[in-house]
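Structure assessment
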Amino acid sequence: MTSQNRELSDLIAGIGSGRVTRRDALKRGAALGLSVPALSMAMKLGETAAQSGSLEIFSWWTSPGEAPALQSLFDSYAELYPDVEIVNAAIAGGGGGPAQAVLQTRLQGGNPPDSWQTHIGRELFDGYVNAGFTEAINDLYESEGWLEAFPPALVEGVTVDGNQYAVGVGVHRGNGYWYNREVLANAGVEVGETLSFDEFVAAADAVAATGVPAVALGSADGFVAAQYFENELISAVGPENYPKYFSGELAWDDDGARAAAANFAKALEYVNEDHSALPWSDAVAMVIEGRAAFNSMGDWAYGEVVAKGAQDVVGWVSHPGTAGSFVLVVDCFTLPVGAPNAENAANWLKVIGSKSAQEAFNPLKGSIPARLDADLSGFSEYHQWSGASFAADALLHSAAHGQAASPAFKQALYDAALAFLVSKDVDTFAMTLVDAQSSEG
Ligand code: BGC
């Protein structure tokens, strides 16, 4: 080792152990004749190498497509903090119902993980911020330049009283309709740029006549029926009216909401019989494997397509009647009050909020990066389509994924939609939601 190298490695170790301050490091670096970029790199290495201990990350990313995407975030973190042990505390269950129940128990018992997955909007605000479970992370928004890096809708979705409480990692589009190209071709069906509800019914009749279920449904996950209905609502009432049901300006038993429920009932005529036993990802697998024609799903379905290398097999269009709308399902992570490893947790947020981690994660997850400066040119055709929709279409918050309504209303919607799968009773469905809305403050 040359003496210059030795001094440099001493310098890095010194920064790492906290013996050398940033100021001294700058002086000693200059004396060694180091350029400013080389010096910043040395400081970064010193600082990151200093981190140890563990980092417990809580999510519900366990499906064949979700797990590798989560791993890519862990990999991005491990590149900078190789000595931190990452504990993957994911709990299975699409849409996060089971995970969220466990998390509430942990939070109420004063036993938070180091960071957890949630959605922007009401889920974050009502479930965690207002309950006092999350720290404000304004300092990270400033140091990382996130106020400029994220679109206004995403910053707003994590802000309460001027303080930010989470950082977005990806933006899912909740109103996708995925199809198997060959199954449709065998039924003589062609899907164009958009699909109306009537075109869907004609296509579904043609597929059903070939003996294959036209619609794959995996309703074992609580969110699936609710999400199908919210997409029918957008289709029936349009993007301008959809938010008015959640604000109470429109009533859940009006003609629009009833028409949406009736269309949902019609679509249910085409689903696989075993739907209540299947999670969402098994329903996507039915489409990938040619055992059904269509599946209505947020674009985490594309994560399954990527994981199975089925990009040429599966096509997509907006859920019938919802072209022109982009249903926002934005995954974000928090900094808990009393995080066991607060510094590791803050570094986790910095990593997942970075351009490079988001460019690695989102191609696998099916979402587009939450950052505006991410480069989509190397992403799939689907991602570019979704990116164009995000830029041009009406952005609507999902209720099935907790953004548009309170946790209590979301639960009422889940229960009502699950019951509807069996009863197809529009009146009861509408009245249940009217009651749930009347309990909202
Ligand atoms: C999350 C997605 C996840 C999906 C299915 C949604 O609530 O936002 O990231 O893939 O649930 O589990």
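Here the structure is a predicted model, which is why all the values come from computation and not from measurement.

Residues Phe200, Phe229, Leu233, Trp252, Phe294 and Met297 are the most contacted members of the largest nonpolar core, which totals 80 residues. Sorting elements by how many residues they give to this core places helix H12 (residues 223–237) first, with nine residues. In contact with Met297, not counting residues within four places along its chain, are Gly174, Gly176, Trp178, Phe223, Val224, Gln227, Trp280 and Val284.

Summarising burial for strand S6 (residues 166–173): eight of the eight residues are buried, a large majority. Direction of pairing for S6 relative to strand S10 (residues 325–334): antiparallel, over a ladder of seven bridges. Directly across from Val171, in S10, lies its bridge partner Val330. Strand direction decides the pairing type here: S6 and strand S11 (residues 368–369), joined by two bridges, are antiparallel. Along S11, the bridge assignment pairs Gly170 with Pro369.

Let's shift gears to the pattern of salt bridges. One pass over the full model with this rule turns up eight salt bridges. Between Arg122 and Asp126 there is a salt bridge, with the nearest N and O atoms lying 2.9 Å from each other. Separated by four residues within a single helix, Arg122 and Asp126 lie in helix H6 (residues 122–129), roughly one turn from each other. The salt bridge involving Lys355 is made with Glu359; its shortest N-O contact spans 3.2 Å. One end of the pair is Lys355 and the other is Glu359, both in helix H18 (residues 355–365) and four residues apart, which spans about a single turn. The class of Glu359 is partly exposed, set by a relative accessible area of 25%.

Once that is clear, we can look at the site of the ligand. Near the ligand there are 14 residues, and of these Glu66, His119, Asp331, Lys365 and His401 occur at the shortest range. For the ligand, an oxygen atom lies 2.9 Å from a polar atom in the side chain of Trp61. Between the ligand and the protein, one listed contact pairs an oxygen atom with a backbone N or O atom of Gly95 at 3.0 Å. If the ligand stood free it would expose 310 Å²; the protein chains cover 100% of that surface.

So, on to the packing of aromatic side chains. Evaluated as defined, the whole model comprises 36 aromatic pairs. For the ring pair Tyr242 and Phe246, a centre distance of 5.1 Å and an interplane angle of 70 degrees mean the geometry is edge-to-face. Here the residue Tyr242 and the residue Phe246 both occupy positions in helix H13 (residues 242–247), the gap between them amounting to four residues, near one helical turn. Relative to Phe420, the ring of Phe264 lies with its centre 5.3 Å away and its plane at 20 degrees, an arrangement referred to as stacked.

Regular strands have side chains that alternate between both faces of the sheet. Counting buried positions over the five residues of strand S7 (residues 176–180) gives five, a clear majority of the element. The alternating pattern of S7 places Gly176, Trp178 and Asn180 and Tyr177 and Tyr179 on opposite faces, both of which are buried. Looking at chain direction, S7 and strand S8 (residues 294–297) are connected through four bridges and run antiparallel. If you follow Tyr177 over to S8, its bridge partner there is Ser296. In the sheet, S7 pairs with strand S9 (residues 314–318) via five bridges, with the strands oriented antiparallel. Within S9, the position partnered with Trp178 by the bridge is Trp316.

A few words now on the side chain of Arg106. Inspection of the secondary structure assignment puts Arg106 in helix H5 (residues 97–108). Judged by its relative accessible area of 16%, Arg106 is buried. With sequence-adjacent residues up to four places away left out, Arg106 is seen in contact with Glu56, Phe58, Asn111, Pro112 and Pro113.

In this structure the tally under the stated criterion is two cavities of 30 Å³ or more. Estimates place the volume of the largest cavity at around 100 Å³. Around the largest cavity sit 15 residues that line it, and Trp60, Glu66, Gly95, Trp300 and Lys365 are the ones nearest its centre. Those elements that provide at least two residues to the lining of the largest cavity are strand S3 (115–119) and S10. Looking at the lining of the largest cavity residue by residue, the class counts come to six nonpolar, six polar and three charged. Each of domain 1 (54–170 + 330–381) and domain 2 (176–328 + 397–438) contributes no fewer than three residues to the lining of the largest cavity. Its residues assigned to classes, the lining of the second largest cavity shows five nonpolar, one polar and no charged.

Another aspect to go through is helix H20 (residues 407–423). Here H20 spans 24 Å end to end across 17 residues, near enough to the 24 Å set by a 1.5 Å rise per residue. Residues of H20 that are buried: Phe409, Lys410, Ala412, Leu413, Tyr414, Ala416, Ala417, Phe420 and Leu421. Turning to H20, the residues buried within the fold contact H5, H6, H12, H13, helix H14 (255–268) and helix H21 (426–438). Just beyond H20, the residue with positive phi is Lys424, at close to 50 degrees.

Within the element layout of this structure, Asp427 appears in helix H21. Given the relative accessible area of 46%, Asp427 is considered partly exposed. A sequence separation of 174 residues divides Asp427 from Asp253, and the C-alpha atoms of the two residues are 7.7 Å apart.

Rules of the game
- Residues numbered from 1 in each chain as written.
- Predicted model: local features only at pLDDT ≥ 70, side-chain atom pairs only at ≥ 80, totals over all residues.
- Heavy atoms only, no water.
- Core = buried A, V, L, I, M, F, W, Y, C linked by side-chain atoms within 4.5 Å.
- Buried < 20%, exposed > 50% of the residue type's maximum accessible area, 1.4 Å probe, protein only.
- Helix = DSSP H or I, 4+ residues; strand = E, 2+ residues; numbered from the N terminus.
- Contact = heavy atoms within 4.5 Å.
- Pairing = 2+ DSSP bridges.
- Salt bridge = Lys/Arg side-chain N within 4 Å of Asp/Glu carboxyl O.
- Near = heavy atom within 4 Å.
- Polar contact = N/O pair within 3.5 Å; in protein donor to acceptor, adjacent residues only side chain to side chain.
- Areas by Shrake-Rupley, 256 points an atom, 1.4 Å probe, with all protein chains shown as cover.
- Phe/Tyr/Trp six-rings, centres within 6.5 Å; stacked < 30°, edge-to-face > 60°.
- 1 Å grid on protein atoms, 1.4 Å probe; cavity = no way out; pocket = protein on both sides within 12 Å on 5 of 7 lines; lining within 4 Å.
- Points joined across faces, edges and corners; volume = space filled by probe spheres on them.
- Nonpolar A, V, L, I, M, F, W, Y, C, P; charged D, E, K, R; others polar.
- Domains from an automatic or database assignment.
- Expected span 1.5 Å × (residues − 1).

The values reported here are purely geometric and, on their own, carry no functional implication.
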